[in-house]
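# Residue-level structure breakdown
Chain by chain, the residues run as shown.
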Amino acid sequence: MKSWLRHHRQALAAALGKVAAQKAAAALNALVIGIALSLPAGGYALLGSLRAATAGAPLEPQFSVFMRADAKRAEADALAARLKGDARLRGLRFVPREQALKELQASEGLAEVVAALGRNPLPDAFVLRPASGDPAALEALASDLRNLPGVAHVQADSAWARRLAALTGTARLAIALLAALLAFGLVAITFNTIRLQILTLRAEIEISKLIGATDAFIRRPFFYLGALQGLSGGLVALAILWGSLSALNVGVAELAASYGSGFRLAFLEPGDALAVVLFSAGLGWFGAYLSVSKYLLEIEPK
Amino acid sequence: MISFSSVAKRYPGGQEALRDVSFSLAQGEFAFLAGHSGAGKSTLLKLIPAIERPSSGTVLVNGQNVGALKKAAVPYLRRNLGLVFQDQKLLYDRSVFDNVMLPLAFGDLGGREAARRARAALEKVGLLARERANPVQLSGGEQQRLAIARAVVNRPALLIADEPTANLDAAAAVSVLEIFAAFNQVGVTVLVATHDEALITRFARRVLRLAKGGIIE
């Protein structure tokens, strides 16, 4: 166990030595990997921010049914009774015009506007939850609701949220594909770096095999080198992401403030940031493994 | 220690390097492997550390059948052998000390003990004062002595040398052979391939002469 640990320590030291001996090349490799990884990591961070901003949005189908502005409360009560008996609905909530006005007043920046109105322009409304999510059934229900007495307007509230959810899902898939593609790129970069290292150290490898080094002993420093390369690339990706988000947040903060929002693009959660670095290091190790498996076996003492 | 029994070696393409080689080398023996250039001396020596495998026959080293040895077991066989080559096979981007430390890196010795062993091996070949030098700063004879230090640092029971004096002047050649003789005196088995008849005569040891693919003693 002690000598096993010593061999690993030696291999890590040898890999660090190789990095130190070729600082410029190592830095360029880390930069290339970092730029490549920052794209999916950045996409993931943006999605995270978007998800947080829209966390309260209803994703289930939902209708807002607005009464005519001159409709009496009795008409609203009659409509409520009718809607309660409709089997196509699994819930409804009545929003009296007074409550709607209060909610509007509570909205940031609108209190003064509402106060200036002088009268309540809002109608009574119902928020309905349909039993079925089938688009055809929803369309038929919306059509029927529009024809009910006293109804002025029917609005499908969840449509935008569902579109956003669909867009987010597509974006997530695109990011995953991009990440997979760039992961291949990272593996290819590491594969080539290690291949060049093996070719450079061909004589040393041959001599080491000749005097009793096992394949595992020879492979180990290359594995560490690949992992170190991936690790440094992952750290560079996080630095690029942090810098980019900080720069973007200056503009985003101004834009959000104009809407009365404190929205900011958030950096990755610590766990996610760690996952980026570990994933990158793992891919580096894998690239080294492929390269070593292919080229090291070809070197035998003669 | 070493036993060859009806060993033949043919390379891909049909070239026959050894036809029917049989001999034994007991523990503590010192023997020269003689023969003209192309007689198969290097091939025979390469069979011992499993750099090459016999096409037929049996090669036993310390009781192990080298021809049947699995690839994963070969490094462990080689660690128990001291190998010296005509072209030394040194690492020229490392110091003299680091070259000798190389075989110890694979083993179980701690850093301090390994360094002590490496310095002891360098002292035995008279190179301790040059431990920080680069091998390119050494003469041909010194480089060969460095190769010997690396070969013996793991304290092998068997030293094998392939034309270790081929590129050396007469005095350096004698000095290198004297080092082998010194190791032999403390019980190390030594097999040296050479075509230098003057050296063979001077050191007067057992001679295995390779001719026509076989051994003539």
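Computed from a prediction, not measured in an experiment: that's the story for all the values here.

### Considering the interface of chain A and chain B
Across the contact, 12 residues belong to chain A and 12 residues belong to chain B. For the side of chain A that touches chain B, the leading source of residues is helix α8 (residues 202–210) of chain A, giving four residues. For the side of chain A that touches chain B, the class distribution of residues is six nonpolar, five polar and one charged.

### Quick look at the domain arrangement of chain A
Under the domain assignment, chain A is made up of domain 1 (2–56 + 172–295) and domain 2 (63–157). Taking only C-alpha atoms into account, the centre of domain 1 of chain A sits 53 Å from that of domain 2 of chain A.

### Thoughts on the confidence of the model for chain A
Residues at a pLDDT of 70 or more form 96% of chain A, whose mean pLDDT is 86. Confidence scores differ between elements of chain A, with helix α5 (residues 111–117) of chain A showing the lowest mean pLDDT of 75 and helix α10 (residues 270–295) of chain A the highest of 93.

### Observations concerning the packing of helix α9 (residues 215–258) of chain A against α10(A)
The contact between α9(A) and α10(A) brings their axes to 7 Å, and the two run at 145°. Note on packing geometry: the crossing formed by α9(A) with α10(A) is right-handed.

### Some remarks on the packing of helix α2 (residues 23–53) of chain A against α9(A)
Residue and element names in this part refer to chain A. For the pair α2 and α9, interaxial distance at closest approach is 7 Å and the crossing angle is 50°. Considered as vectors, α2 and α9 are oriented oblique to each other. When the axes of α2 and α9 are compared, the crossing they make is right-handed. Between α2 and α9, the residues in contact are N29, A30, L31, I33, G34, I35, L37, S38, A41, G42 and A45 and Q229, G230, S232, G233, G234, V236, A237, I240, L241, S244 and L245, respectively. Partitioned by chemical class, the residues of the contact of α2 with α9 number 12 nonpolar, 10 polar and no charged.

### What about the nonpolar core?
Within the largest apolar cluster, 105 residues are counted, with the highest numbers of intra-cluster contacts made by L33(B), I48(B), A149(B), L159(B), I160(B) and F180(B). Broken down by element, this core gets its largest block of residues, 12 residues, from α9(A). Apart from the residues lying within four places of it in its own chain, the contact partners of L33(B) are K41(B), L44(B), L191(B), V192(B), A193(B), L208(B) and L210(B). Grouped together as the second largest cluster of nonpolar side chains are 10 residues, V65(A), A125(A), L141(A) and L145(A) included.

### Digging into helix α1 (residues 2–21) of chain A
An α-helix turns once every 3.6 residues. As a result, residues three or four positions apart point the same way. Residues and elements named next belong to chain A. Compared with an ideal rise of 1.5 Å per residue, which puts 20 residues at 28 Å, α1 spans 28 Å between its outermost C-alpha atoms and is within 8% of the ideal. Looking at α1, one finds that the buried residues are A11, A15 and K18. In an axial view of α1, the angular spread of the buried residues amounts to 60°, which keeps them on one side of the axis. Exposed and facing more than 90 degrees away from the buried side of α1 are K2, S3, L5, R9, A13, G17, A20 and A21.

### Side note on the sheet that holds strand β4 (residues 151–156) of chain A
Residues and elements named next belong to chain A. Reading across from one edge, β2-β3-β1-β4 is the order of the four strands in this open sheet, with antiparallel pairing throughout. At either margin of the open sheet sits one strand with a lone partner, and together these are β2 (89–95) and β4. Ignoring which end each strand starts from, the neighbouring axes of this sheet average 20° apart. Relative to strand β3 (residues 125–130), strand β1 (residues 63–67) is paired through four bridges, and the arrangement is antiparallel. Residue pairing for β3: V65 is matched across the bridge by F126. Contacting β1, β3 and β4, helix α6 (residues 135–146) runs over the sheet at an angle of about 160° to β4.

### So, the domain arrangement of chain B
All names here are of chain B. Each assigned domain of chain B is listed here: domain 1 (1–80 + 157–217) and domain 2 (92–155). In this structure, domain 1 and domain 2 have C-alpha centres spaced 23 Å apart. Of the residues lining the interface, 10 residues belong to domain 1; the matching set on domain 2 comes to 11 residues. Tallying contributions element by element places helix α6 (residues 170–185) first for the side of domain 1 that touches domain 2, with five residues. Looking at the side of domain 1 that touches domain 2 residue by residue, the class counts come to seven nonpolar, two polar and one charged.

### Examining the environment of A181(B)
Residues and elements named next belong to chain B. Within the secondary structure layout, A181 lies in helix α6. A181 sits in the partly exposed class, given 14 other C-beta atoms within 10 Å. Residues A181 and R205, 24 residues apart in the sequence, show an inter-C-alpha distance of 9.9 Å. Apart from the residues lying within four places of it in its own chain, the contact partners of A181 are F30 and F203.

### Here's the deal with the environment of L122(B)
Residues and elements named next belong to chain B. Position of L122 among the secondary structure elements: in helix α4 (residues 111–124). The class of L122 is buried, set by 23 C-beta atoms lying within 10 Å. Spatially, the C-alpha atoms of L122 and V153 are 8.6 Å apart, while their sequence positions differ by 31 residues.

### A closer look at the confidence of the model for chain B
When pLDDT is averaged along chain B, the result is 90; 100% of the residues meet or exceed 70. Confidence metrics for the complex model read pTM 0.73 and ipTM 0.88.

### With respect to unusual backbone geometry
Residue and element names in this part refer to chain B. One non-glycine residue, A50, adopts positive backbone phi at about 65°. One can find A50 in the loop between α1 (41–47) and β4 (56–61). Unlike most non-glycine residues, K89 shows phi in positive territory, near 50°. Mapping K89 onto the fold places it in the loop between β6 (81–84) and α3 (96–105). Take K89: there are 18 C-beta atoms within 10 Å of it, and that puts it in the partly exposed class.

Cut-offs used in this document
Residues numbered from 1 in each chain as written. Chains lettered and ligands numbered in written order. Predicted model: local features only at pLDDT ≥ 70, side-chain atom pairs only at ≥ 80, totals over all residues. Contact = placed C-beta atoms within 7 Å. Helix = DSSP H or I, 4+ residues; strand = E, 2+ residues; numbered from the N terminus. Nonpolar A, V, L, I, M, F, W, Y, C, P; charged D, E, K, R; others polar. Domains from an automatic or database assignment. pLDDT = per-residue confidence, 0-100. Axes fitted to C-alpha atoms, helices over the stretch in contact; angles between N-to-C directions. Left-handed = near helix turned anticlockwise from the far one by under 90°. Parallel < 35°, antiparallel > 145°, perpendicular 65-115°, else oblique. Core = buried A, V, L, I, M, F, W, Y, C linked by C-beta atoms within 7 Å. Buried ≥ 20, exposed ≤ 12 C-beta atoms within 10 Å, placed from the backbone. Expected span 1.5 Å × (residues − 1). Arc of directions from axis to C-beta. Pairing = 2+ DSSP bridges.

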